[in-house]
Structures are given as C-alpha cells and as structure tokens.
Amino acid sequence: FWLHSNCLEPRNSPALNPLYSSSAMSEAVVPDAMVSPAVGGLHGEKAGGPAVDFSYVGIDAILEQMRRKAMKQGFELNIMVVGQSGLGKSTLMNTLFKSKVSRKSVLATAQEKIPKTIEIKSISHDIEEKGVRMKLTVIDTPGFGDQINNENCWQPIMKFINDQYEAYLQEEININRKKRIPDSRVHCCIYFIPPTGHCLRPLDVEFMRRLSKVVNIVPVIAKADTLTLEERDFFKKKIREELRANGIDVYPQKEFDEDAEDRMINEKIREMIPFAVVGSDQEYQVNGRRLLGRKTKWGTIEVENIAHCEFAYLRDLLIRTHMQNIKDITSSIHYEMYRVRRLNENNTVMAHANGIPEHHLAAHEM
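What counts as what
Residues numbered from 1 in each chain as written. Predicted model: local features only at pLDDT ≥ 70, side-chain atom pairs only at ≥ 80, totals over all residues. Heavy atoms only, no water. Pairing = 2+ DSSP bridges. Helix = DSSP H or I, 4+ residues; strand = E, 2+ residues; numbered from the N terminus. Axes fitted to C-alpha atoms, helices over the stretch in contact; angles between N-to-C directions. Parallel < 35°, antiparallel > 145°, perpendicular 65-115°, else oblique. Contact = heavy atoms within 4.5 Å. Nonpolar A, V, L, I, M, F, W, Y, C, P; charged D, E, K, R; others polar. Phe/Tyr/Trp six-rings, centres within 6.5 Å; stacked < 30°, edge-to-face > 60°. Buried < 20%, exposed > 50% of the residue type's maximum accessible area, 1.4 Å probe, protein only. Lys NZ or Arg CZ within 6 Å of the ring centre and 35° of its normal. Core = buried A, V, L, I, M, F, W, Y, C linked by side-chain atoms within 4.5 Å. 1 Å grid on protein atoms, 1.4 Å probe; cavity = no way out; pocket = protein on both sides within 12 Å on 5 of 7 lines; lining within 4 Å. Points joined across faces, edges and corners; volume = space filled by probe spheres on them. Expected span 1.5 Å × (residues − 1).

**Looking at the sheet that holds strand β10 (residues 289–296)**
Then, number 1: A sheet is described by the order of its strands in space; here three strands give the open sequence β9-β10-β11, paired in antiparallel fashion. Across the chains shown, the open sheet's two edge strands, defined by having one partner strand only, are β9 (283–286) and β11 (299–302). For this sheet the average axis-to-axis angle between neighbouring strands, irrespective of direction, equals 70°.

**Section: the packing of helix α5 (residues 155–172) against helix α10 (residues 323–353)**
Then, number 1: Direction vectors running N to C along α5 and α10 enclose 80°, while the axes themselves pass 10 Å from each other. On the basis of their axis angle, the class for α5 and α10 is roughly perpendicular. Listed contacts from α10 to Asn162, Tyr165, Glu166, Tyr168, Leu169, Gln170 and Glu172 of α5 are Thr330, His334, Tyr335, Tyr338, Arg339, Arg341 and Arg342.
Then, number 2: Residues that form the contact of α5 with α10 fall into these classes: five nonpolar, four polar and five charged.

**A look at the packing of aromatic side chains**
Then, number 1: Summed over all chains, the structure comprises six aromatic pairs.
Then, number 2: Centre to centre, the rings of Tyr191 and Phe207 are 4.8 Å apart; their planes meet at 20°, and the pair counts as stacked. A residue pair is termed long-range when its members are at least 10 positions apart, and Tyr191 in strand β6 (residues 188–193) and Phe207 in helix α6 (residues 202–211) qualify at 16 residues. Each of the two residues, Tyr191 as well as Phe207, counts as buried.
Then, number 3: Taken together, the aromatic side chains of Tyr165, Tyr168, Tyr335 and Tyr338 make up a single cluster linked through ring pairs.
Then, number 4: Lying across the ring of Tyr168, Arg185 places its NZ or CZ 3.8 Å from the centre.

**Notes on the nonpolar core**
Then, number 1: Grouped together as the largest cluster of nonpolar side chains are 75 residues, with contacts concentrated most on Ile190, Phe207, Leu211 and Phe275.
Then, number 2: Sort the elements by how many residues they give to this core and α5 lands first, with seven residues.
Then, number 3: Once residues lying within four places of it in the same chain are set aside, the contact partners of Ile190 are Ile79, Met80, Val81, Val82, Met93, Leu96, Val218, Val220 and Leu318.

**Things to note about the layout of surface pockets**
Then, number 1: Taken as a whole, the largest pocket encloses approximately 630 Å³ of empty space.
Then, number 2: Lining the largest pocket are 17 residues, and of these Ile127, Glu129, Met134, Ile319 and Met323 lie nearest its centre.
Then, number 3: Residue assignment for the lining of the largest pocket shows that the elements contributing at least two residues are α2 (61–73), α3 (89–97), β4 (121–129), β5 (132–140) and α9 (311–321).
Then, number 4: Its residues placed into classes, the lining of the largest pocket shows ten nonpolar, one polar and six charged.

**Re unusual backbone geometry**
Then, number 1: Omega for the bond connecting Tyr251 with Pro252 falls within 30 degrees of zero, at 0°, which places this linkage in the cis form.
Then, number 2: In this model, Ile273 is joined to Pro274 through a cis peptide bond whose omega is 0°.
Then, number 3: Within the fold, Pro274 resides in the loop between α8 (260–272) and β8 (275–276).
Then, number 4: The backbone of Asn152 shows a phi angle near 60°, a positive value even though the residue is not glycine.
Then, number 5: Structurally, Asn152 can be placed in the loop between β5 and α5.
Then, number 6: On the accessibility criterion, Asn152 (33% relative accessible area) is partly exposed.

**Considering α5**
Since the α-helix packs 3.6 residues into each turn, any two residues three or four apart lie on the same face.
Then, number 1: When the terminal C-alpha atoms of α5 are compared, their 25 Å separation across 18 residues agrees well with the 26 Å that a helix rising 1.5 Å per residue should span.
Then, number 2: Three or more residues of α5 are buried, namely Ile157, Met158, Phe160, Ile161, Asn162, Gln164, Tyr165, Glu166, Tyr168 and Leu169.
Then, number 3: Residues of α5 that are buried make contact with β3 (75–82), β5, α6 and α10.

**Quick look at the sheet that holds β6**
Then, number 1: Spatial ordering of the open sheet is given by β4-β5-β3-β6-β7-β8, a layout of six strands whose pairing is mixed. Two strands in the sheet have a free side with no partner beyond their single neighbour: β4 and β8.
Then, number 2: Pairing analysis gives seven bridges linking β3 to β5, with the strands arranged parallel. Paired with Met80 across the two strands is Ile139, which belongs to β5.
Then, number 3: Across the face of the sheet, α2 comes into contact with β3 and β5 while running at roughly 50° to β5.
Then, number 4: Its contacts with the sheet place α6 against β3, β6 and β7 (217–221), and it is angled at close to 170° to β6.

So, in structure tokens, the structure goes:
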C-alpha cells in the first residue's frame, strides 16, 4: 500500500494508476466460483451475497450419473404381438412408434400367404429420439388362430418365450460371461382380441391363461371403431369378468404393486383393460391440424383422441410410464421363475447321475 492524502489505497487503485480504468475494473471482477468461502465474513457468507450451504454433500448427483450412463448404453425393448390375421397388429406397431417397425413394413413383397403353422418372426430396429437410443424388437406371430384346428397353437409361442429365457440363462451362467448380456427376452405380449362385442373365445381364454404365467400380457380390442360406444363398454366389462373368472392375471398384476401410489395408478389402468384401440399410419388434416386417423364417410377417427379410442392410454402404459416396470417384472419375476425351475431340474439330474436319493435332495432344498 502507498500512503496518499492520509488515506490507505491499494497500489492498483484507479486513483493512483491511470491505466486501471473503471471499464477494466468491471471486467476484472473475480468469479464467484473462485472466491473462497472464508472470504467476506463468518460461515462462508460473501459480502452482500447469499450464504453457502455447507450441509450439501451432492448425493443427488447420482441421478445425473445414472442418466449419462444409461444414455451411453441405450435401451432395449422386445414386444410380441399375437392375434389373428387382419386385426391390425402391424399397423398398431407402426402407430405406437410412429415409424415403419412392423414385419409387413419390412417385407419386400406386398402380399404374404398365411402360413400353415405359426411362424415367429422378429425384426429389430434402432430408434432415436432426443438423443435417447432404443433397440426395439417387434416379434410377430403370423398364423396364430388362422387355422380350422387351432389346438395347442400357443405352444410355439410358449417355446419361443422360454427359448429366450434359456439363451439369457446360458449367457448368465458362463464362467467368462459378457459384461452386458444381450437381452432377447420378451418383455411384453400385446394380445389382439377380435371386436365381436360378445365374449372371449375359448382360444383367447386358453392362450392368456397359459401365457400370463411366463410373460406380461396386455390385451387390446382390435379395430375398436367397428363397435359403438355402448357395445365397447359392454365388451370391455365382459372381458374383465371372464379374466377374473379364469384366474388370468394381465399386466399390471396386483401382486406386483410396490406401494399405495402405484396401486392407485395401476387400479385406474386395470379398470380400462382391455384397451379399445384403433391404429393408423395415415395422416389427415382436421381443423388445421395434421393427425393420425382413419377417414370414413362420417368423419375422421383420431387415433390419439381419447374421446375416439384408447390408443393414447396404451402408448402411455407401454412407453411413457410403465416401460421400465414391464422390463423389471420380466427380469425379476418371469425370468427368475424360469431360472429357478431350470436350475432345480439340473440339480435333480446331477443328483440322479451321482446316485443321491431323491428324498435327500428334497431335504437339502428345503
């Protein structure tokens, strides 16, 4: 410091240094981040500034870490669609993801013969939206319910689902397993119910009864625009009664509700099941807006209008609100049950090979 006019002023004070102008001073302000918390008063209070919160640790930053890691890895979703030919399975898939993701969209030929038996075809796509990458696999089951004799027509589908569990299990029990196991397990099965307006067919009941034990099933009424609103409500109520009477648990299952909030949200969804949906990949101009819909003589059925159909509720369930939960239930419930059963079978086979009596093995498992 220099002594000047009986006052103490710094060496670089504007009063003493003509080169240090007021504009230069304003540009030389030290950023807040560089100021030590101890400067400017007790408890880290800067002069004229807010107090620094010393209780903050930064635990909430883990959410950002998880988001960055998930964004790098991307996501996987495997959806199976099951139903008779002509119910709009391919169209609904294209409508859900607003792109050509269905089997028919990928085929080179316009026409396809109905197969004599069920052929399961899966097609994978890489979809990106706002920087989020997803590998979407659509598994189609052409030929289901199209034959005169549909006895045991669910068996190829059941086998396919179990084969994906088996492939995942074999990768998991390898000594040198992959850092990230490719997930081909079926996360959700959308079952298309014909819009008869009366009741479920025995084929529908038997399929959902058997498959609901190994995969998440979401039933939908296909081409719901063929029913009046009264017919639709009656049909939905009838289907819910038949599902309860036959002990069929469709997604979201009551026993997997995690808390009261989940239970309240899922109850509203369960009251709407099965979703009465209309699919369309055609855009039309309605009141100055372009939207997906089906044009008729009487007007345009808007696919995303909840007053016209329940497609928006189905999309929210599958993509916007419950996608992660669907994947978690597949992994922690359905796959886990398959894994336990398979490992128990292996233990039994090994015990018999080693000559261990079965009652000793049962006692050991207990």
